[in-house]
Amino acid sequence: MDSPSLVVVGELNADLILTSVQALPELGKEQLAEGMALTLGSSSAILASNAGALGVDVGFVGRTGDDVVGERVREALDDRGIDVRHVLDTPDDATGLTVIYTHGDDRGMMTYPGAMEALTIDDIPWDYVAQANHVHLSSFYLQKGLRSDVDVLFRRAKAHGLTTSLDTNWDPDEQWDGGIFDVLEAVDVFLPNDDEARRIAGEERLGPALARLGQRANVVVATRGSAGATVRANASTQSFSPPRVDPVDAVGAGDSFNAGFLRRYVEGEALAECVRFGLVTGAYSTQAAGGTAAFDPPDAFWSFAAEHLESVPPPS
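The paragraphs below set out a description of the structure included in this document. Worth saying up front: this structure is predicted, and the values here are computed from it rather than measured.

### A short note on the overall build of the protein chain
Piece 1. Scanning the protein chain from N- to C-terminus turns up ten helices and 13 strands.
Piece 2. Compactness check: the protein chain gives a C-alpha radius of gyration of 18 Å against a globular reference of 20 Å for 316 residues, within 12% of the reference.
Piece 3. When its C-alpha atoms are laid out on the principal axes, the protein chain stretches across 50 × 45 × 40 Å.
Piece 4. With 316 residues in all, the protein chain has 52% of them scored as buried.

### Considering helix α4 (residues 150-159)
Piece 1. Regarding α4, the residues found buried are Val-150, Leu-153, Phe-154 and Ala-157. For α4, the angular spread of the buried residues around the axis is 90°, confining them to a single face.
Piece 2. Turning to α4, the residues buried within the fold contact β1 (6-9), α3 (126-129), β8 (134-138), β9 (163-167) and α5 (180-184).
Piece 3. At the C-terminal side of α4, Gly-161 shows a positive phi close to 95°.

### Quick word on the pattern of salt bridges
Once their charged atoms are close, side chains differing in charge can pair, the charge on each being opposite to the other.
Piece 1. Evaluated as defined, the whole model comprises 17 salt bridges.
Piece 2. Where Arg-155 meets Glu-185, a salt bridge forms, and the shortest distance between an N and an O atom there is 3.7 Å. With Arg-155 in helix α4 and Glu-185 in the loop between α5 and β10 (189-190), the pair connects residues that are 30 residues apart, well separated along the chain.
Piece 3. On the basis of relative accessible area, Glu-185 is assigned to the partly exposed category, the value being 43%.
Piece 4. Ionic pairing is found between Asp-195 and Arg-199, a salt bridge with its closest N-O pair at 3.0 Å. Remark: Arg-199 and Asp-195 occur in helix α6 (residues 194-201); sequence separation between them is four residues, near one turn of the helix.
Piece 5. Using a relative accessible area of 25% as the deciding quantity, one classes Asp-195 as partly exposed.
Piece 6. Through salt bridges with shared partners, one network takes in Glu-174, Asp-194, Asp-195, Arg-198, Arg-199 and Arg-224.

### A look at the sheet that holds strand β3 (residues 35-41)
Piece 1. The four strands lie next to each other as β3-β2-β6-β7, forming an open sheet whose pairing is mixed. Among the strands making up the open sheet, the edge pair consists of β3 and β7 (106-112). Each strand of the sheet is rotated relative to its neighbour by a mean of 20°, with strand direction disregarded.
Piece 2. With six bridges connecting them, strand β2 (residues 13-19) and strand β6 (residues 96-103) associate as parallel partners. Each bridged residue has a counterpart across the sheet, and for Leu-16 the counterpart in β6 is Val-99.
Piece 3. Each of β2 and β3 touches helix α1 (residues 43-53); the most contacted strand, β3, lies at about 80° to it.
Piece 4. Packing of helix α2 (residues 68-79) onto the sheet brings it into contact with β2, β3 and β6, and relative to β3 it is tilted by some 70°.

### Regarding a negative patch on the surface
Piece 1. A surface patch of negative charge is lined by Asp-66, Glu-71, Glu-75, Asp-78, Asp-79 and Asp-296.
Piece 2. Looking at the element boundaries, Asp-79 is found in helix α2.
Piece 3. By relative accessible area, Asp-79 is classed as exposed at 66%.

### Remarks on the nonpolar core
Piece 1. Of all hydrophobic cores here, the largest spans 45 residues; its most connected members are Leu-77, Val-221, Phe-261, Val-275 and Phe-301.
Piece 2. For this core, the element with the highest residue contribution is helix α9 (residues 271-285), accounting for seven residues.
Piece 3. Not counting chain neighbours up to four residues away, the residues in contact with Phe-261 comprise Val-189, Leu-191, Val-221, Leu-271, Cys-274, Val-275 and Gly-278.
Piece 4. By size, the runner-up hydrophobic cluster in this structure holds 39 residues, among which are Leu-119, Ile-124, Tyr-128 and Ala-157.

Procedures and definitions
Residues numbered from 1 in each chain as written. Predicted model: local features only at pLDDT ≥ 70, side-chain atom pairs only at ≥ 80, totals over all residues. Heavy atoms only, no water. Helix = DSSP H or I, 4+ residues; strand = E, 2+ residues; numbered from the N terminus. Rg over C-alpha atoms; globule rule 2.2 N^0.38 Å. Buried < 20%, exposed > 50% of the residue type's maximum accessible area, 1.4 Å probe, protein only. Arc of directions from axis to C-beta. Contact = heavy atoms within 4.5 Å. Salt bridge = Lys/Arg side-chain N within 4 Å of Asp/Glu carboxyl O. Pairing = 2+ DSSP bridges. Axes fitted to C-alpha atoms, helices over the stretch in contact; angles between N-to-C directions. Patch = residues over 30% accessible without salt bridge, like charges linked within 9 Å, V, L, I, M, F, W, Y side chains within 5 Å. Areas by Shrake-Rupley, 256 points an atom, 1.4 Å probe, with all protein chains shown as cover. Lys, Arg positive; Asp, Glu negative; His and termini not counted. Charge placed at Lys NZ, Arg CZ, Asp CG, Glu CD. Core = buried A, V, L, I, M, F, W, Y, C linked by side-chain atoms within 4.5 Å.

Given below as C-alpha coordinates:
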(Lines give C-alpha, C1' and ligand atoms only; values in the text may rest on other atoms or scores of the structure.)
Protein backbone atom coordinates (compact mmCIF):
# COMPACT_ATOMS: atom_id res chain seq x y z
CA MET A 1 0.00 0.00 0.00
CA ASP A 2 1.63 3.24 -1.16
CA SER A 3 -0.93 5.77 0.10
CA PRO A 4 -3.88 4.84 2.31
CA SER A 5 -7.19 6.66 2.02
CA LEU A 6 -7.64 6.51 5.81
CA VAL A 7 -4.93 6.98 8.45
CA VAL A 8 -5.88 5.96 11.98
CA VAL A 9 -3.84 7.45 14.81
CA GLY A 10 -4.33 5.93 18.21
CA GLU A 11 -3.89 3.31 20.85
CA LEU A 12 -3.16 -0.39 20.37
CA ASN A 13 -3.90 -3.15 22.83
CA ALA A 14 -5.43 -6.58 23.19
CA ASP A 15 -8.79 -7.32 24.85
CA LEU A 16 -9.20 -10.15 27.34
CA ILE A 17 -12.97 -10.69 27.41
CA LEU A 18 -14.55 -12.61 30.29
CA THR A 19 -18.21 -13.24 29.57
CA SER A 20 -21.11 -13.91 31.94
CA VAL A 21 -19.20 -13.46 35.19
CA GLN A 22 -21.20 -14.74 38.15
CA ALA A 23 -20.88 -11.49 40.09
CA LEU A 24 -19.06 -8.19 39.73
CA PRO A 25 -15.39 -8.29 40.83
CA GLU A 26 -14.66 -7.57 44.49
CA LEU A 27 -11.29 -7.22 46.16
CA GLY A 28 -10.35 -10.35 48.04
CA LYS A 29 -12.90 -12.50 46.23
CA GLU A 30 -12.69 -14.78 43.21
CA GLN A 31 -15.47 -14.91 40.65
CA LEU A 32 -15.95 -17.26 37.72
CA ALA A 33 -16.75 -16.48 34.09
CA GLU A 34 -18.56 -18.73 31.63
CA GLY A 35 -16.49 -17.70 28.60
CA MET A 36 -13.15 -16.17 27.64
CA ALA A 37 -11.64 -14.71 24.48
CA LEU A 38 -8.38 -12.90 23.74
CA THR A 39 -8.93 -10.59 20.78
CA LEU A 40 -7.63 -7.50 19.08
CA GLY A 41 -8.65 -4.59 21.28
CA SER A 42 -8.62 -0.80 21.45
CA SER A 43 -11.04 1.54 19.78
CA SER A 44 -8.49 2.61 17.17
CA ALA A 45 -7.46 -0.90 16.17
CA ILE A 46 -11.01 -2.26 16.00
CA LEU A 47 -12.03 0.62 13.75
CA ALA A 48 -8.97 0.17 11.53
CA SER A 49 -9.37 -3.61 11.32
CA ASN A 50 -13.04 -3.50 10.42
CA ALA A 51 -12.56 -0.65 7.95
CA GLY A 52 -9.94 -2.86 6.29
CA ALA A 53 -12.44 -5.72 6.16
CA LEU A 54 -14.87 -3.34 4.43
CA GLY A 55 -12.36 -2.60 1.70
CA VAL A 56 -10.81 0.65 2.94
CA ASP A 57 -7.07 1.19 2.43
CA VAL A 58 -5.98 1.90 6.01
CA GLY A 59 -2.66 2.93 7.52
CA PHE A 60 -2.04 2.92 11.26
CA VAL A 61 0.15 5.18 13.40
CA GLY A 62 0.70 4.05 17.00
CA ARG A 63 2.94 2.27 19.48
CA THR A 64 3.14 -1.19 21.01
CA GLY A 65 5.57 -2.77 23.42
CA ASP A 66 8.33 -5.00 22.10
CA ASP A 67 6.52 -8.11 23.32
CA VAL A 68 4.31 -11.05 22.36
CA VAL A 69 1.08 -9.07 22.78
CA GLY A 70 2.41 -6.34 20.51
CA GLU A 71 3.34 -8.93 17.89
CA ARG A 72 -0.16 -10.38 18.05
CA VAL A 73 -1.76 -6.96 17.67
CA ARG A 74 0.36 -6.14 14.62
CA GLU A 75 -0.29 -9.52 13.05
CA ALA A 76 -4.04 -9.11 13.53
CA LEU A 77 -3.96 -5.76 11.75
CA ASP A 78 -1.67 -7.03 9.01
CA ASP A 79 -4.04 -9.94 8.40
CA ARG A 80 -6.76 -7.39 7.62
CA GLY A 81 -4.50 -5.60 5.15
CA ILE A 82 -3.71 -2.67 7.44
CA ASP A 83 -0.39 -0.91 6.78
CA VAL A 84 1.50 -1.17 10.09
CA ARG A 85 4.84 0.23 8.92
CA HIS A 86 4.33 3.22 11.21
CA VAL A 87 3.48 1.26 14.34
CA LEU A 88 6.55 1.83 16.51
CA ASP A 89 8.18 -0.33 19.19
CA THR A 90 8.32 1.05 22.72
CA PRO A 91 10.96 -1.04 24.54
CA ASP A 92 10.35 0.60 27.93
CA ASP A 93 6.62 -0.22 28.06
CA ALA A 94 4.53 -3.32 27.55
CA THR A 95 1.69 -3.38 25.06
CA GLY A 96 -1.60 -2.24 26.56
CA LEU A 97 -4.27 -4.70 27.69
CA THR A 98 -7.95 -4.25 28.52
CA VAL A 99 -9.83 -6.78 30.64
CA ILE A 100 -13.54 -6.67 29.82
CA TYR A 101 -16.08 -8.50 31.93
CA THR A 102 -19.78 -8.88 31.26
CA HIS A 103 -22.47 -9.50 33.86
CA GLY A 104 -26.02 -9.67 32.53
CA ASP A 105 -26.55 -6.58 30.39
CA ASP A 106 -23.72 -4.71 32.10
CA ARG A 107 -20.02 -4.69 31.38
CA GLY A 108 -16.92 -3.24 32.99
CA MET A 109 -13.41 -2.59 31.74
CA MET A 110 -9.98 -2.28 33.29
CA THR A 111 -7.13 -1.05 31.09
CA TYR A 112 -3.36 -1.12 31.43
CA PRO A 113 -2.31 1.71 29.06
CA GLY A 114 1.33 0.72 28.58
CA ALA A 115 2.85 1.82 25.30
CA MET A 116 -0.25 3.70 24.14
CA GLU A 117 0.72 6.61 26.41
CA ALA A 118 4.14 6.93 24.72
CA LEU A 119 2.78 8.07 21.35
CA THR A 120 3.55 11.76 20.70
CA ILE A 121 3.19 14.30 17.92
CA ASP A 122 6.83 13.64 17.00
CA ASP A 123 5.86 10.09 15.96
CA ILE A 124 3.50 11.28 13.22
CA PRO A 125 4.97 10.56 9.73
CA TRP A 126 3.69 13.66 8.00
CA ASP A 127 4.83 12.75 4.49
CA TYR A 128 2.81 9.53 4.83
CA VAL A 129 -0.27 11.15 6.41
CA ALA A 130 -0.36 13.90 3.80
CA GLN A 131 -0.97 11.31 1.07
CA ALA A 132 -4.23 10.15 2.66
CA ASN A 133 -7.76 11.53 2.35
CA HIS A 134 -8.80 11.34 5.98
CA VAL A 135 -7.25 11.05 9.45
CA HIS A 136 -9.07 9.62 12.47
CA LEU A 137 -8.09 9.52 16.15
CA SER A 138 -9.73 7.43 18.86
CA SER A 139 -9.40 7.40 22.65
CA PHE A 140 -8.49 11.05 23.13
CA TYR A 141 -8.37 10.72 26.92
CA LEU A 142 -6.02 7.73 26.86
CA GLN A 143 -3.49 9.43 24.57
CA LYS A 144 -1.55 11.19 27.33
CA GLY A 145 1.57 11.69 25.21
CA LEU A 146 -0.38 13.08 22.26
CA ARG A 147 -3.47 14.65 23.84
CA SER A 148 -2.12 18.20 24.19
CA ASP A 149 -1.17 18.19 20.49
CA VAL A 150 -4.28 16.58 18.96
CA ASP A 151 -5.45 19.99 17.78
CA VAL A 152 -2.05 20.39 16.05
CA LEU A 153 -2.47 16.97 14.44
CA PHE A 154 -5.90 17.81 13.04
CA ARG A 155 -5.09 21.35 11.96
CA ARG A 156 -1.99 20.22 10.13
CA ALA A 157 -3.94 17.36 8.52
CA LYS A 158 -6.55 19.84 7.31
CA ALA A 159 -3.80 22.10 5.99
CA HIS A 160 -2.74 19.14 3.84
CA GLY A 161 -6.31 18.85 2.53
CA LEU A 162 -7.45 15.90 4.67
CA THR A 163 -10.78 15.60 6.45
CA THR A 164 -10.74 14.63 10.13
CA SER A 165 -12.75 12.65 12.67
CA LEU A 166 -12.51 11.99 16.39
CA ASP A 167 -13.96 9.50 18.86
CA THR A 168 -12.96 10.47 22.40
CA ASN A 169 -14.23 7.31 24.12
CA TRP A 170 -14.55 7.31 27.90
CA ASP A 171 -12.51 9.59 30.15
CA PRO A 172 -11.14 7.39 32.98
CA ASP A 173 -10.62 10.53 35.10
CA GLU A 174 -14.19 11.70 34.31
CA GLN A 175 -13.03 15.29 33.87
CA TRP A 176 -14.20 15.48 30.22
CA ASP A 177 -11.94 18.36 29.29
CA GLY A 178 -8.27 18.21 28.30
CA GLY A 179 -8.74 20.96 25.72
CA ILE A 180 -11.40 19.01 23.86
CA PHE A 181 -13.34 22.09 22.69
CA ASP A 182 -10.24 23.53 21.02
CA VAL A 183 -9.72 20.19 19.28
CA LEU A 184 -13.33 20.05 18.04
CA GLU A 185 -12.81 23.24 16.05
CA ALA A 186 -10.54 21.23 13.74
CA VAL A 187 -12.84 18.18 13.58
CA ASP A 188 -15.06 17.51 10.58
CA VAL A 189 -16.93 14.59 12.20
CA PHE A 190 -17.16 14.04 15.95
CA LEU A 191 -18.22 10.48 16.84
CA PRO A 192 -19.05 10.16 20.57
CA ASN A 193 -21.69 7.91 22.07
CA ASP A 194 -24.75 9.39 23.77
CA ASP A 195 -23.25 9.34 27.27
CA GLU A 196 -19.90 10.80 26.18
CA ALA A 197 -21.60 13.58 24.22
CA ARG A 198 -23.66 14.67 27.22
CA ARG A 199 -20.72 14.55 29.63
CA ILE A 200 -18.36 16.47 27.35
CA ALA A 201 -21.01 19.13 26.68
CA GLY A 202 -22.03 19.32 30.34
CA GLU A 203 -25.69 18.73 29.45
CA GLU A 204 -28.21 16.27 30.89
CA ARG A 205 -30.09 15.79 27.61
CA LEU A 206 -28.68 14.76 24.26
CA GLY A 207 -30.37 17.48 22.20
CA PRO A 208 -28.73 20.42 23.99
CA ALA A 209 -25.45 18.49 24.11
CA LEU A 210 -25.42 18.04 20.34
CA ALA A 211 -26.32 21.69 19.84
CA ARG A 212 -23.36 22.80 21.94
CA LEU A 213 -20.91 20.35 20.39
CA GLY A 214 -22.16 21.27 16.94
CA GLN A 215 -21.00 24.84 17.52
CA ARG A 216 -17.43 23.51 17.31
CA ALA A 217 -17.36 20.36 15.14
CA ASN A 218 -18.84 20.48 11.65
CA VAL A 219 -20.85 17.28 12.21
CA VAL A 220 -21.64 15.41 15.42
CA VAL A 221 -22.84 11.81 15.24
CA ALA A 222 -23.87 10.34 18.60
CA THR A 223 -24.31 6.57 18.67
CA ARG A 224 -27.07 5.34 20.99
CA GLY A 225 -26.74 1.56 21.09
CA SER A 226 -30.00 -0.19 20.19
CA ALA A 227 -31.62 3.24 19.69
CA GLY A 228 -29.42 3.92 16.67
CA ALA A 229 -27.71 7.27 16.09
CA THR A 230 -28.55 10.97 16.17
CA VAL A 231 -26.80 13.46 13.90
CA ARG A 232 -26.32 17.19 14.32
CA ALA A 233 -25.28 19.06 11.17
CA ASN A 234 -26.06 22.49 9.76
CA ALA A 235 -28.00 23.41 12.94
CA SER A 236 -30.49 20.56 12.44
CA THR A 237 -30.85 17.15 14.08
CA GLN A 238 -31.88 13.80 12.60
CA SER A 239 -32.15 10.35 14.19
CA PHE A 240 -31.63 6.98 12.50
CA SER A 241 -32.75 3.51 13.61
CA PRO A 242 -30.45 0.46 13.46
CA PRO A 243 -31.21 -3.02 12.13
CA ARG A 244 -32.83 -5.34 14.66
CA VAL A 245 -30.47 -8.09 15.77
CA ASP A 246 -29.99 -10.40 18.73
CA PRO A 247 -26.55 -9.36 19.99
CA VAL A 248 -23.96 -11.89 21.08
CA ASP A 249 -21.47 -9.26 22.29
CA ALA A 250 -21.61 -5.47 21.95
CA VAL A 251 -17.86 -4.93 22.49
CA GLY A 252 -16.58 -2.71 19.68
CA ALA A 253 -20.00 -1.97 18.20
CA GLY A 254 -19.37 1.79 18.29
CA ASP A 255 -15.97 1.38 16.67
CA SER A 256 -17.54 -0.82 14.01
CA PHE A 257 -20.14 1.89 13.39
CA ASN A 258 -17.24 4.31 12.89
CA ALA A 259 -15.59 1.91 10.44
CA GLY A 260 -18.72 1.70 8.33
CA PHE A 261 -19.41 5.40 8.56
CA LEU A 262 -15.88 6.28 7.45
CA ARG A 263 -15.99 3.72 4.61
CA ARG A 264 -18.72 5.80 3.02
CA TYR A 265 -17.47 9.18 4.22
CA VAL A 266 -14.06 8.91 2.55
CA GLU A 267 -15.93 8.02 -0.65
CA GLY A 268 -17.80 11.34 -0.47
CA GLU A 269 -21.24 9.86 0.22
CA ALA A 270 -24.09 11.86 1.74
CA LEU A 271 -24.13 12.03 5.53
CA ALA A 272 -27.35 10.02 5.87
CA GLU A 273 -25.88 7.20 3.77
CA CYS A 274 -22.75 7.18 5.94
CA VAL A 275 -24.84 6.85 9.10
CA ARG A 276 -27.07 4.08 7.71
CA PHE A 277 -24.07 2.06 6.60
CA GLY A 278 -22.42 2.63 9.97
CA LEU A 279 -25.50 1.34 11.79
CA VAL A 280 -25.42 -1.82 9.70
CA THR A 281 -21.75 -2.45 10.40
CA GLY A 282 -22.25 -1.71 14.09
CA ALA A 283 -25.17 -4.13 14.34
CA TYR A 284 -23.30 -6.81 12.43
CA SER A 285 -20.30 -6.58 14.74
CA THR A 286 -22.46 -7.72 17.68
CA GLN A 287 -22.97 -11.12 16.07
CA ALA A 288 -19.68 -12.51 17.43
CA ALA A 289 -17.59 -12.08 20.57
CA GLY A 290 -15.02 -9.28 20.42
CA GLY A 291 -14.89 -6.24 18.21
CA THR A 292 -13.56 -7.80 14.98
CA ALA A 293 -14.53 -11.49 14.85
CA ALA A 294 -17.84 -10.92 13.04
CA PHE A 295 -15.94 -9.62 9.99
CA ASP A 296 -13.69 -12.67 9.72
CA PRO A 297 -14.12 -13.55 6.94
CA PRO A 298 -15.82 -10.35 5.72
CA ASP A 299 -17.81 -11.97 2.90
CA ALA A 300 -20.91 -12.74 4.99
CA PHE A 301 -21.23 -9.10 5.99
CA TRP A 302 -22.23 -8.06 2.49
CA SER A 303 -25.19 -10.43 2.48
CA PHE A 304 -26.26 -8.98 5.84
CA ALA A 305 -25.89 -5.45 4.48
CA ALA A 306 -28.01 -6.29 1.42
CA GLU A 307 -30.83 -7.37 3.73
CA HIS A 308 -30.86 -4.04 5.56
CA LEU A 309 -29.91 -1.43 2.95
CA GLU A 310 -31.57 -0.43 -0.28
CA SER A 311 -28.19 0.20 -1.87
CA VAL A 312 -24.98 -1.62 -0.89
CA PRO A 313 -21.56 -0.36 -2.01
CA PRO A 314 -19.18 -2.80 -3.67
CA PRO A 315 -16.88 -4.64 -1.23
CA SER A 316 -13.80 -2.74 -2.44
